[in-house]
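Coordinates in review
Letter by letter, the chains look like this.
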Amino acid sequence: MKKMIYLDNAATTRTAPEVVEAMLPYFTEYYGNASTVYEFGAKSKEAISKARETIANSLGAKENEIYFTAGGSEADNWALKAAAEAYKGKGKHIITSKIEHHAILHTCQWLEKNGFEVTYLDVDEFGVVKLEELKKAIRPDTILISIMFANNEIGTIEPVKEIGAIAKEHGVLFHTDAVQAFCQVPINVDELNIDMLSASGHKLNGPKGIGFLYIRKGVKIRSFLHGGAQERKRRAGTENVPGIVGFGKAVELAIASMEDRSEKEQKLRNYLMERVLKEIPFTRINGDRTNRLPNNVNICFQFVEGESLLIMLDMKGICGSSGSACTSGSLDPSHVLLAIGLPHEIAHGSLRLTLGADTTKEDIDDTVDAIKEIVTQLREMSPLYEDYMKKNH
Amino acid sequence: MYSEKVMDHFKNPRNVGEIENASGVGTVGNAKCGDIMRIFLDIDEDGIIKDVKFKTFGCGAAVATSSMATELVKGKTIQEALQVTNKAVMEALDGLPPVKVHCSLLAEEAIHAALWDYAEKNGIKIEGLEKPKNDISEEEEEEDY
Ligand SMILES: Cc1ncc(COP(=O)(O)O)c(C=O)c1O
């Protein structure tokens, strides 16, 4: 098989071999139900609490504030729907941003259909939420602010500390979708005044189908899935023990390697951006240049359509993603790229590359060489490029 | 998600390029939706399409349908070319995913637009051809940076 260069780590990551190894005994040996009385079940229970402890420590949270879920989407749904339900006596207004993941946006739309009012904050050209707008949007009936920690497409890190302070000052709950940021950048829920936080295992070399919602002690939200007494009666269902164990292991590894990893990724990422900007004309970088996830690059190539670019990269064994309409399954390009003010035709030509711990300089060089060749080829085929060149030469 | 035929026409698109002083040129679609097709026709005195070239900005399906459409009209008479419908293009490609069907419509429209241009240039009327509705020349200017 041809060598594969995987640059779509924001979509999902390889489960680390150490993680798989840690998980295996909980399928085959210690398969007991954690809710049972016998010694055998206690093995599972212990493993769950160890993972919970690792995760709580990584955030400066307490163990009884971590609730395991089946992933980031569930944690987002739970945070929003249950907070809306619990606090509707106080008010029915929620504030979020225009660049959230669909797990937040579609949940907000559902809430709107069910009697809640949602304000979708604008972002600036770099994808940063406008704090002045946030302050102005807060009303006496505002119950929740949900702003992502870092954006999954353009990598921009939001001013979470400032948002947390504003929320606290106004006595409004603050939830953050940290699915992309968790274990990529340091997070302390107390320092940042975060009341709820969503995260997911498969974005940090952990398994798929496991996530958690951090809920600060004292926040009133109740069960989302009713049934057994698992997760302090707030999330019923026999625990996904191997998943939880794997998630715990992945967090342990990712926290330990965070500093070195992000330094390495940032270097390669900056090298990639510099090469592309220098060697390919009519190109722009999307997102904040410095305040962004260490592994994220998002580039627009004018006169080129994203899906074509992706297929041609795939033919060379390179995996990336795009915000073009054709890859979103609708006729509109990515809502995030539109929210930062890109015209449709430019948003269609976007490419997101997200590096991983194993990415090498050689991978980056091969990728840039491939992009250069493909973009040239696609532009030669593009009527937009033809028109532009005729008009300007 | 694409058939082998689609991938083949995407990887090795037939008839990419321009025809200088073409008998007819048609451009359809718009950049906002992410697809633009331009077809160039070279038509001789007997009304035979001697050569055809295309340029496309768009997804894999858009490129493949443009390529297939040019293959289907090459060497044909104007009347035969008018019979090249989006259905014919899709069938020739062994189908398209449902979200991509609009790409094949664009290919049909591009041919019609090029034939319309040819008819206008020569002051003739082509039986069964209506004025194409979709032309980017009416769209706003590209923005650049
Ligand atoms: C910002 C963000 N939120 C939520 C999710 C959903 O997470 P999961 O795939 O674990 O449901 C993702 C992943 O695609 C994401 O990037």
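Refer to the structure presented above.
**Considering the overall build of chain B**
When its secondary structure is counted, chain B shows five helices and three strands. A compact globule built from 145 residues should have a C-alpha radius of gyration of about 15 Å, and chain B, at 14 Å, falls within 12% of that. Dimensions of chain B, computed from the C-alpha atoms along their principal axes, are close to 45 × 40 × 25 Å. Split into buried and exposed, the 145 residues of chain B put 54% on the buried side. Across chain B, the fraction of contacts at a sequence separation of at least 24, relative to all contacts at a separation of at least 6, is 62%. When the accessible surface of chain B is split by element, carbon and sulfur atoms take 46% of a total near 6,900 Å². In chain B, the 16 positive side-chain charges and the 28 negative ones have mean positions that sit 4 Å from each other.

**What about the overall build of chain A?**
Each helix and strand counted, chain A has 14 helices and twelve strands in total. Oriented by its inertia axes, the alpha-carbon framework of chain A measures out at about 75 × 55 × 35 Å. Put simply, chain A has 393 residues, and 59% of those count as buried. Here the analysis covers contacts within chain A between residues at least 6 apart in sequence; of these, 71% occur between residues at least 24 apart. On chain A, roughly 16,200 Å² of surface is accessible, and the fraction owed to carbon and sulfur atoms is 52%. Of note, chain A has its 47 positive side-chain charges centred 4 Å away from the centre of its 54 negative side-chain charges.

**Quick word on the sheet that holds strand β8 (residues 211–215) of chain A**
Residue and element names in this part refer to chain A. Read across the sheet, seven strands follow the order β2-β8-β7-β6-β5-β3-β4 without closing on themselves; strand pairing throughout is mixed. Either end of the sheet is taken by a strand with one partner, and the two such strands are β2 (66–69) and β4 (117–121). For this sheet the average axis-to-axis angle between neighbouring strands, irrespective of direction, equals 20°. Relative to strand β5 (residues 142–146), strand β3 (residues 93–97) runs parallel, the two being bridged by three bridges. Bridge pairing in β5 places H93 opposite T142. Against the sheet, helix α7 (residues 160–169) engages β5 and β6 (173–177), with an angle of about 155° to β6.

**Observations concerning the site of the ligand**
Residue and element names in this part refer to chain A. Near the ligand you find 13 residues, and of these S73, D177, Q180, S200 and K203 are the closest. With respect to the ligand, the side chain of D177 contributes an N or O atom lying 2.6 Å from a nitrogen atom. K203 is positioned such that a nitrogen or oxygen atom in its side chain is 2.8 Å from an oxygen atom of the ligand. In isolation the ligand exposes 400 Å². Once the protein is present, 84% of that is buried. It is helix α4 (residues 72–87) that provides the largest number of residues to the shell around the ligand, a total of three residues. Grouping the constituent residues of the shell around the ligand by class yields two nonpolar, eight polar and three charged.

**A look at helix α5 (residues 101–122) of chain B**
In this model, α5 of chain B (22 residues) spans 33 Å end to end at C-alpha, consistent with the 32 Å of a helix rising 1.5 Å per residue. Within two residues after α5 of chain B, G123 of chain B carries a phi angle of roughly 60°, on the positive side.

**What to know about the pattern of salt bridges**
Residue and element names in this part refer to chain A. Tallied over the full model, the rule gives 32 salt bridges over all chains. Here R216 ties to D190 by a salt bridge, and the two come within 2.9 Å at their closest N and O atoms. Taken together, the positions of R216 in the loop between β8 and α8 (241–279) and D190 in the loop between β6 and β7 (196–200) put the pair 26 residues apart, joining distant regions of the chain. Taken together, the shared-partner salt bridges in this structure form one network comprising R275, E279, K361, D365, D369 and K372.

**Regarding the packing of α8 of chain A against helix α13 (residues 361–380) of chain A**
When two helices pack together, you describe them by how their axes are tilted relative to each other and by the distance separating the axes. All names here are of chain A. α13 packs onto α8 with a crossing angle of 25° between their chain directions and a minimal axis gap of 10 Å. Viewed along their axes, α8 and α13 adopt a mutual orientation that is roughly parallel. For the pair α8 and α13, the crossing hand works out as right-handed. Note on element contacts: α13 touches α8 through K361, I364, D365, V368, D369 and K372, opposite L268, Y271, L272, R275, V276 and E279. Tallied by class, the residues present in the contact of α8 with α13 amount to six nonpolar, no polar and six charged.

**Overview of the environment of G356 of chain A**
Residues and elements named next belong to chain A. Assignment of secondary structure puts G356 in the loop between β12 (350–354) and α13. Note on G356: relative accessible area 11%, which makes it buried. Along the chain, G356 and D8 lie 348 residues apart, while their C-alpha atoms are 8.3 Å from each other. When neighbours within four sequence positions are excluded, G356 is seen to be in contact with N9 and E265.

**Points about the interface of chain A and chain B**
In many analyses, interface size is given as the accessible surface area lost on bringing the parts together. The interface of chain A with chain B comprises 31 residues on the first partner and 33 residues on the second. Surface buried jointly by chain A and chain B totals about 2,700 Å² across both partners, of which 62% is contributed by carbon and sulfur atoms. For the interface between chain A and chain B, the tally reads five salt bridges. Here E386 of chain A ties to R38 of chain B by a salt bridge, and the two come within 3.2 Å at their closest N and O atoms. The greatest single-element share of the side of chain A that touches chain B, amounting to seven residues, is contributed by helix α14 (residues 383–392) of chain A. Residues belonging to the side of chain A that touches chain B are distributed by class as follows: 15 nonpolar, seven polar and nine charged.

**Here's the deal with the environment of A22 of chain B**
Residue and element names in this part refer to chain B. Among the structural elements, A22 can be located in the loop between α1 (4–11) and β1 (24–30). Residue classification places A22 among the buried residues on the basis of a relative accessible area of 11%. Residues A22 and A114 lie 92 residues apart in sequence; the distance between their C-alpha atoms is 9.5 Å. Among all residues touching A22, those that are not within four sequence positions of it are F40, L41 and K121.

**Quick word on unusual backbone geometry**
The backbone of R232 of chain A sits at a positive phi, close to 50°, despite the residue not being glycine. When you line up the elements, R232 of chain A lands in the loop between β8 and α8. The exposure class assigned to R232 of chain A is exposed, which follows from its relative accessible area of 53%. In this structure, N15 of chain B takes a positive phi of about 65° despite not being glycine. Looking at the secondary structure, you find N15 of chain B in the loop between α1 and β1. When its relative accessible area of 12% is taken as the criterion, N15 of chain B is described as buried.

Rules and cut-offs
- Residues numbered from 1 in each chain as written.
- Chains lettered and ligands numbered in written order.
- Predicted model: local features only at pLDDT ≥ 70, side-chain atom pairs only at ≥ 80, totals over all residues.
- Heavy atoms only, no water.
- Helix = DSSP H or I, 4+ residues; strand = E, 2+ residues; numbered from the N terminus.
- Rg over C-alpha atoms; globule rule 2.2 N^0.38 Å.
- Buried < 20%, exposed > 50% of the residue type's maximum accessible area, 1.4 Å probe, protein only.
- Contact = heavy atoms within 4.5 Å.
- Areas by Shrake-Rupley, 256 points an atom, 1.4 Å probe, with all protein chains shown as cover.
- Lys, Arg positive; Asp, Glu negative; His and termini not counted.
- Charge placed at Lys NZ, Arg CZ, Asp CG, Glu CD.
- Pairing = 2+ DSSP bridges.
- Axes fitted to C-alpha atoms, helices over the stretch in contact; angles between N-to-C directions.
- Near = heavy atom within 4 Å.
- Polar contact = N/O pair within 3.5 Å; in protein donor to acceptor, adjacent residues only side chain to side chain.
- Nonpolar A, V, L, I, M, F, W, Y, C, P; charged D, E, K, R; others polar.
- Expected span 1.5 Å × (residues − 1).
- Salt bridge = Lys/Arg side-chain N within 4 Å of Asp/Glu carboxyl O.
- Parallel < 35°, antiparallel > 145°, perpendicular 65-115°, else oblique.
- Left-handed = near helix turned anticlockwise from the far one by under 90°.
- Buried area = accessible area lost by both parts, 1.4 Å probe.

By themselves, these observations are geometric and do not establish any function.
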